[in-house]
Each structure stands twice: as C-alpha cells, then as structure tokens.
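# Breakdown of the fold
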Amino acid sequence: MAKQQQTDKKSHRDPSNNTSDDREHQAAHDGHDNHKNGNHHAHMVADFRKRFWISLGVTLPILALSPMIQTFLGFKRTLGFPGDVYVLWALSSFVFLYGGWPFLKGLFDELMERQPGMMTLIAVAVATAYGYSSVVVFGLKGKVFFWELATLIDIMLLGHWIEMKSVMGASRALEELAKLMPSDAHKVLEDGGTQDVPIVELKAGDRVLVKPGEKVPVDGEVVDGESSVNEAMLTGESKPVDKRPGSAVIGGAVNGDGAITVEVTKTGKDAFLSQMVDLVEAAQQSKSRSQDLANRAALWLTIIALSAGALTLILWLMVMNREVAFALERAVTVMVITCPHALGLAIPLVVAVSTALSAKNGLLIRDRAAFEKGRNIQAIIFDKTGTLTKGEFGVTDTVVFSDDMSAEKMLEYAAAVEAHSEHPIARAIAGAVEKALPMEAFKAIPGKGAQGKVDGRDVKVVSPGYLKENEIPMKDDRIDVFNSKGKTVVFILVDGELKGAIALADIIREESRAAVSKLKEMGIKCMMLTGDNGLVAKWVAEEIGLDDYFAEVLPKDKAEKVKAVQNSGLVVAMTGDGVNDAPALAQADVGIAIGAGTDVAVQTADIVLVRSNPMDAVAILDLSRATYRKMIQNLVWATGYNAFAIPLAAGALYTYGVLLSPAVGAVLMSMSTVIVAVNARFLKIDR
C-alpha cells in the first residue's frame, strides 16, 4: 500500500511582492535578471545565425573556384582566371576570420581553462587547413584546402546555431509569478468606505474588500463575510475552500460568490509569492547539468588528431626522410580527415530532429540537457490536480433517502438550482443533466450552498455544515464511504425534507491509468504530490495504481519532497501545472509541465505537454531514450571512422601502395557527415 505522507497545514504567507522599503518589487527585479540572461542567449543565437548565412554566401564562390568541386560537378572547362587563386584565398580568409572567429575564441577560452574540447578541435582543423593552404598560395608546393575549410566552418556554425536555439528558452517563471497579483486593491477606510489603491501601498493591519469573482490581492485573514475561495492554482487543493472570519486566505486565489473583508498579515519578503520566487530561483540555480557527450568525444578526438598530425609530420620528415611538402601534406590530410563535420552534427542534428518530431506531437522541449537526462529517469512524480485529474468536479454517485424521490429527479432538481451559480461544485452538478428545469427565486447561501423554486417546490442544495447548523439529522453508511474516499458530498432538501445526497470528486483522466501502467513497464516508479487532503490522495493513488503519494504538502514544501526522492538515489521527473508546482518542476531533474496549466509552470519546466495528456509524459521519456541511442550511434560513427581513416591518411599502408590524398580524405569526411545526417532522420516517436 502506498505510504501516505502528510504535513500539518500552516498558515500561508502573503503573496504580494510589495513593500515600501528597498525590498519593493523584488520579484520583478529577479524577473528582470532572468530577462537579461534570456537576452544574452538570444544574442548568441542571432550571432551564430548571422555568421552562418554570411559565411554560406561567401562559400558559394569558393566552391565555384575550387578545381576539385569543378571536377566533381563534371565541368569540361574550368572557371579559373588569372589571379583566381588569390581571390579564392581572400574569400577563404574572410570565412576563416569572420565565420571561424567563435571557434578561434573558443580555442583560447578552452586552453585558458585547460579543458580542450570541441572548440579546440574545430579551431585547430580550420587553422591548419587555412595556414597550409595560404602558404601553398604564396609559393609552397602542395594542394589547397579552402573549400574544405569553408564548408567545415559553415557546418560548425549551423550546428552551434541549432544547439543554441535548443537551449535558449531561459525560464521566465519569475516574471510570470509577478503577473499573478492584481495591481490594485479595495482598501477599507475608517469611515467604512473603500478606495482603490496599489497593493504596494498596503501594509500589515490594513483591510481590503474582495468582491465576488475577484482575485484576493494579499495574504491575510478574513475578518468579515463568508465565501468559498478557489486556491487550486496556488496550493493544489482541488475543491474550493470555505472561508469565514478567522480563516487565512492566499493572495492570487479567486474569490467565490460571497464578498469578504481581509486584514493584511504579511508583506514583502514574507509574502507567499515572494517566497515562491525565491524557491524557483534557488531550485533553478542548483539544478544539475548533464555533460555534453560531444564535448567529451571531442576532447579525445582533439588529443588523437593533434598527436596523430604531429607524429605523422615527424615520422615522414625525420624517419622516412621525405621532403617537407610531402610530410606536411600527410599531416594536413590527417587533420582534414579528422575535421569534426560528423562529430559537430552528431548531437545537434539528433536534437533538431527530436525537437521537431516532439513538437509535431505536442511535446515541446525547452531544455535540451534536461530532456537528454530523461533517459535516466527512475521515478516520476505527478501533481494530482490538473495532471492526473482534470482539475474539475464531476458527479460520481447519487444517494436517495426517500422512496418518493428518484435519483434522476433529485439530480434534476439540484441541477436546476445550481445552474444559476458559478461555484465549481454547482457547475459540476448542473453539467450532469442535459437540460436544466425552470427555476425561480434563486438565492445563494454564502458558504453553505444555494436554494430556489423548482416545479413550485422549495429546493436547497447544501453542505454538511448546513445540516449540522440547522440540526438536520443524517446517518447513512454510504455517505461515510464517500467521505473516506475524500469525495465532496452535498445534500438535497425539498420542501424542508432531506431527500438525498450527491457525491462529487475531481475527475481522474482516462489516460492516467494507462500512463502509469506503461511507465511501470519502463521500470519507472510512479508517485503523486498534492496539496489536497490525504483521503482524496489515497483514493486517486489506489484508483490509478501509483507506487507512492505525498498528500497535504504545502507549496513551499513541494520542492523539498522532490529533493527527498532525489536524495534516495533516484533520478526524478516532476509533472505539474499549477503555480504551486513551479519550485518542484525546477528542482526535478526533468520538469514536465501540462500545457493547459499556468504560464509559471510552463516557463519553469524543461518540457511542456500541450495536450495535458499523461500519456505524453510516457512518450517524451521514451523519445528521450530513443534520442540518446541515436546520439550514441552518431558519436560512435563520427569518432570510429576517424580511428580507421587517420592511419590511412597518415600513410600507414604507403608501402602497399595505399595513400589517401587530401581530396579522398575530404570525401571520406563528407561521407561520414551524410551517414550521421541520415541516421538522425530515422529517429521516430512511439505513441
């Protein structure tokens, strides 16, 4: 049986991000910092894009002027002209300096950090090709490698452009959090009147009026009035919470049918949403980052390429006593054949294909590193409300206490009354019948229900509290069963007599059971994290077949629950849709947001499921595993072919008459790139 984990409910904190001192607008300030970081990523993407297109444009005449390309295309007459080699050199110099600048700079940065990797390998390759070709142009006997140089730089720019775009989506969660609060509040004056004031001017002890349907502007305590408040997007509580004098309310929650007066209790850094901002920020900063496989492969390829090139040059010069031009040509051929076209595209191409493929299926990847980590997921934690369930009430059972009333007629009476209310429970009951009966004299019973005249009869739909308050006796074992499952029960009175009851619950998504079953087949533990009460959580967990669940978890504790599961040695994914899920989404190794949820959850997550279908969580984790397999295949090929081709390029079989020319080396390099590209296109998603 799943273990029920509960935490005592504590009073929530003030969600307004306002104060009159220097801490004012802290959430907005934090959001601004994230915005600047996002602009930095956007600038880098734009820079790679610009360099790619300009370099590609200059590469076209380089290809046209290259003899090997002309021969390959079957030109009977060359396109050469007097001085064409110098034009070729000038164009190639531009591509080398302008297009290759990010890699040359990267070489310097990696060497300064003593961590040679992809940038070092690319820079050495293009610098070797450019340097050797330049001295050939100006007198040394040999061959030029300008077209190989230009195409290498173009492909590297394209690969990095694709890669930067895939990781650019820096979270705007903090900005979205600041938007949740209304900008003004109805401040209650000493004479009993109200005045609209900015919430930044409110302080502890002030009182505000919250009208029906409005957002609660601050965190505080109800001092007058009764109502029900929808806190689902903030605490995860699926059903509206009744509020009366003495009850705590959370800023950002939506007020129901009754007007309430709230006394402000906390502001500034003590506020609920301000603390949410801090939690999201801390979790994002502490999130582990997966190491780039391509960089690790590039490190070894760099060492191999540089060592092989230097060794080749030394052997042919000092051991084989060959001329400098021949030895240098052998070394350059090694460097050219080691040019990481395939390695540079091994990862970005698979990323591009998987991103496009997932987008077509409603699975939006926002963070590549986290998506790749999805292959290692050992446990997935689902938010309940809006994720495993629809986040809306539905009628599950009807019970009649009187023989003169059928269940259908009782439901029709109740639906007729509730059709005139906007309360979520009322909407669920009204939606349970095809057409509501005529009703008149509707009247809300604040915090207790509603009443009206249907077919000339006085019909009341009320809460258990109404029965207790009016000392109406009710004893039925079936009601106890509903309560044990955490269902909401309302009672129907007709002409003052208790006729029956209607049980409602948050509707479990049809796909939830199938998703949990599939995830278990993949060896992934399935858990649930919710702010809802333990009875509801237990019922949902048993209905769906979860391995474990955590109930009555306050928003500020959700990230800690995820961290606790991580500390048990599991790689964790979190799926949720509410504001209260944002810190947990950020803390998880992979955060998966339901697209129909709040912007905060979506912006904090690494992956967004557009269709709000739990089966899509299965699909994205399966795609992550398939993507990783493709990456490994491409990396094995991109590095493996070098292990075979480098000795040939160095002249290992020269005594047997086998000697690869730089041109053949370039062809082998290109073939490797084509194989990697084709393999990436075979990636598919299982639905």
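Counting starts from 1 at the beginning of each chain's written sequence and moves along it residue by residue. Only residues with pLDDT of 70 or above have their local features reported here, since the model is predicted, and side-chain atom pairs are shown and tallied only from 80 upward, although totals for entire chains, interfaces and linings are computed over all residues. With hydrogens and water stripped out, all remaining heavy atoms of the structure feed into the side-chain values.

For the protein chain, the name recorded in an unreviewed UniProt entry is Copper-translocating P-type ATPase, with Desulfococcus multivorans DSM 2059 as its organism. We quote the UniProt Sequence similarities (unreviewed entry) comment for the protein chain here in full: "Belongs to the cation transport ATPase (P-type) (TC 3.A.3) family. Type IB subfamily." UniProt positions are given in the numbering used here, feature names are shortened, and annotations may be inferred rather than shown by experiment.

## Digging into the pairing of strand β3 (residues 194-198)
Whether two strands pair depends on DSSP finding at least two bridges between them. Helix and strand assignments come from DSSP, with helices taken as H or I runs of at least 4 residues and strands as E runs of at least 2, each series counted from the N terminus. Strand direction decides the pairing type here: strand β2 (residues 184-188) and β3, joined by 5 bridges, are antiparallel. Along β3, the bridge assignment pairs alanine 185 with valine 197. Once β2 ends, the chain turns through 5 residues before running back antiparallel as β3, passing glycine 192 with a positive phi of about 95°.

## Observations concerning helix α18 (residues 477-484)
For α18, the N-terminal cap is aspartate 476; the gap from its side-chain oxygen to the backbone nitrogen of arginine 478 is 2.8 Å. Where α18 ends, the next residue or the one after it, glycine 486, has phi of about 75°, a positive value. For this analysis, a polar contact is any N or O atom pair within 3.5 Å, provided that within protein one partner can donate a hydrogen and the other can accept it, and provided that sequence-adjacent residues contribute only side-chain to side-chain pairs.

## Quick word on the UniProt feature "transmembrane region" (unreviewed entry) in the protein chain
Here the UniProt-annotated "transmembrane region" (unreviewed entry) positions come out as residues 52-73, 85-104, 116-138, 144-162, 297-319, 331-359, 635-657 and 663-683. Helix makes up 95% of residues 85-104 and strand 0%, and the two end C-alpha atoms of the span are 24 Å apart. Between the end C-alpha atoms of residues 635-657 there is a gap of 31 Å, over a span that is 70% helix and 0% strand.

## Observations regarding the pattern of salt bridges
Opposite charge on two side chains permits them to pair, given that their charged atoms come into close proximity. A pair is scored as a salt bridge if a Lys or Arg side-chain nitrogen falls within 4 Å of a carboxyl oxygen belonging to Asp or Glu. Within the structure shown, the criterion is met by 23 salt bridges. For glutamate 560, the salt bridge goes to lysine 563, with nearest N and O atoms at 3.8 Å. Here glutamate 560 pairs with lysine 563, and both are found in helix α21 (residues 555-567), just 3 residues apart, close to one helical turn. Exposed residues in this analysis have more than 50% of their type's maximum accessible area, buried residues have under 20%, and partly exposed residues fall in between, with area computed by a 1.4 Å probe over protein chains only. Residue lysine 563 is classed as partly exposed on the basis of its relative accessible area of 31%. Members of the salt-bridge network, linked through shared partners, are Lys187, Lys203 and Asp206.

## Some thoughts on the packing of helix α3 (residues 84-99) against helix α4 (residues 101-112)
Packing of α3 against α4 brings their axes to within 5 Å, and their N-to-C directions diverge by 50°. As summarised for this structure, α3 and α4 are arranged oblique, according to the angle between their axes. Here Phe96, Leu97, Tyr98 and Gly99 of α3 lie close against α4, whose contacting residues are Trp101, Pro102, Phe103 and Leu104. Looking at the contact of α3 with α4 residue by residue, the classes come out as 7 nonpolar, 1 polar and no charged. Note on geometry: axes are lines fitted to C-alpha atoms, helical ones only across the stretch in contact, with angles between N-to-C directions running from 0 to 180 degrees. When an angle is under 35 degrees it counts as roughly parallel; over 145 it counts as roughly antiparallel; between 65 and 115 it counts as roughly perpendicular; any other value is oblique. We call two residues in contact whenever any of their non-hydrogen atoms come within 4.5 Å of each other. Any residue outside Ala, Val, Leu, Ile, Met, Phe, Trp, Tyr, Cys, Pro, Asp, Glu, Lys and Arg is labelled polar, Gly included; the first ten of those are nonpolar and the last four are charged.

## Observations regarding the packing of helix α19 (residues 510-521) against helix α24 (residues 614-650)
As a packed pair, α19 and α24 sit with axes 7 Å apart at the nearest point and diverge in direction by 25°. Overall, the two elements α19 and α24 adopt an arrangement that is roughly parallel. The residues of α24 that touch α19, namely those facing Glu511, Ser512, Ala514, Ala515, Lys518 and Leu519, are Pro614, Met615, Val618 and Leu621. Class assignment of the residues belonging to the contact of α19 with α24 gives a composition of 7 nonpolar, 1 polar and 2 charged.

## A few points about the sheet that holds β3
Judged by pairing direction, the sheet is antiparallel, and its 6 strands sit side by side in the order β3-β2-β4-β10-β5-β8 without closing on themselves. Pairing within the sheet leaves two strands with one partner each, and these edge strands are β3 and β8 (248-249).

## Some thoughts on the confidence of the model for the protein chain
Every residue is assigned a pLDDT by the predictor, reflecting its confidence on a scale from 0 to 100. Put simply, the protein chain has an average pLDDT of 78, and 78% of its residues get 70 or more. Within the protein chain, the element-level pLDDT minimum falls on strand β1 (residues 4-5), averaging 38, and the maximum on strand β19 (residues 525-529), averaging 94. Under a pLDDT of 50 for its full length, residues 1-38 has, in the predicted model, 95 contacts with residues more than four places off or in other chains. Long-range and interchain partners of residues 282-291, a stretch whose pLDDT sits below 50, account for 15 contacts in this model, where long-range means more than four residues apart.

## A look at the sheet that holds strand β6 (residues 227-230)
Read from one edge of the open sheet, 3 strands run β7-β6-β9, paired in antiparallel fashion. On the outer flanks of this sheet lie β7 (241-243) and β9 (254-255), each paired with one strand and no other.

## Concerning the pairing of strand β5 (residues 220-224)
Here 2 bridges tie β5 to β8, and the two strands are oriented antiparallel to one another. Across the sheet, glycine 220 pairs through a bridge with valine 249, a residue of β8. Here β5 runs beside strand β10 (residues 260-264); their pairing, made up of 4 bridges, is antiparallel. Within β10, the position partnered with glutamate 221 by the bridge is glutamate 263.

## Details of unusual backbone geometry
A positive phi is found at aspartate 455, a non-glycine position, where the angle reads about 55°. You will see that aspartate 495, though not glycine, has its phi angle at about 55°, which is positive. Within the secondary structure, aspartate 495 is located in the loop between β17 (488-494) and β18 (497-508). A relative accessible area of 44% places aspartate 495 in the partly exposed class.

## Section: the packing of aromatic side chains
In this scheme Phe, Tyr and Trp rings, the latter by its six-membered ring, pair at centre separations within 6.5 Å, and the angle between planes marks the pair as stacked below 30 degrees, edge-to-face above 60, and tilted otherwise. Applying the stated criterion across every chain, the model contains 5 aromatic pairs. For the ring pair tryptophan 89 and phenylalanine 138, a centre distance of 5.2 Å and an interplane angle of 85° mean the geometry is edge-to-face. Of this pair, tryptophan 89 sits in helix α3 while phenylalanine 138 sits in the loop between α5 (118-137) and α6 (146-167), and the two are 49 residues apart along the sequence. For tryptophan 89, a relative accessible area of 26% translates into the label partly exposed.

## Re the nonpolar core
With 54 residues, the main nonpolar core has Ile380, Leu519, Met528, Leu546, Ile620 and Leu621 as its most contacted residues. In terms of residue count, α24 provides more of this core than any other element does, 10 residues in total. For leucine 546, the residues in contact, after removing those within four places along its chain, are Leu388, Val516, Lys520, Cys526, Met527, Met528 and Ala541. Nonpolar cores were defined as sets of buried Ala, Val, Leu, Ile, Met, Phe, Trp, Tyr and Cys residues, with membership established by side-chain atoms within 4.5 Å. Listed in part, the 31 residues of the second largest apolar core include Val45, Ile122, Leu152 and Ile153.

## A few points about the environment of lysine 485
Along the chain, lysine 485 turns up in the loop between α18 and β17. The class for lysine 485 is partly exposed, based on a relative accessible area of 32%. Through-space distance from the C-alpha of lysine 485 to that of glycine 534 is 9.0 Å; in sequence the pair is 49 residues apart. With near-sequence residues (within four places) excluded, lysine 485 lies in contact with Leu535, Val536 and Trp539.

## Some thoughts on α21
For an α-helix, the turn length of 3.6 residues means that residues three or four places apart are oriented alike. Along its 13 residues, α21 runs 19 Å from first to last C-alpha, staying within 8% of the 18 Å computed at 1.5 Å per residue. The complete set of buried residues in α21 reads Pro555, Asp557, Lys558, Ala559, Lys561, Val562, Val565 and Gln566. Looking one or two residues beyond α21, the residue adopting positive phi is glycine 569, at roughly 100°. Expected span of a helix, by definition, is 1.5 Å for each gap between consecutive residues, and there is one gap fewer than residues.

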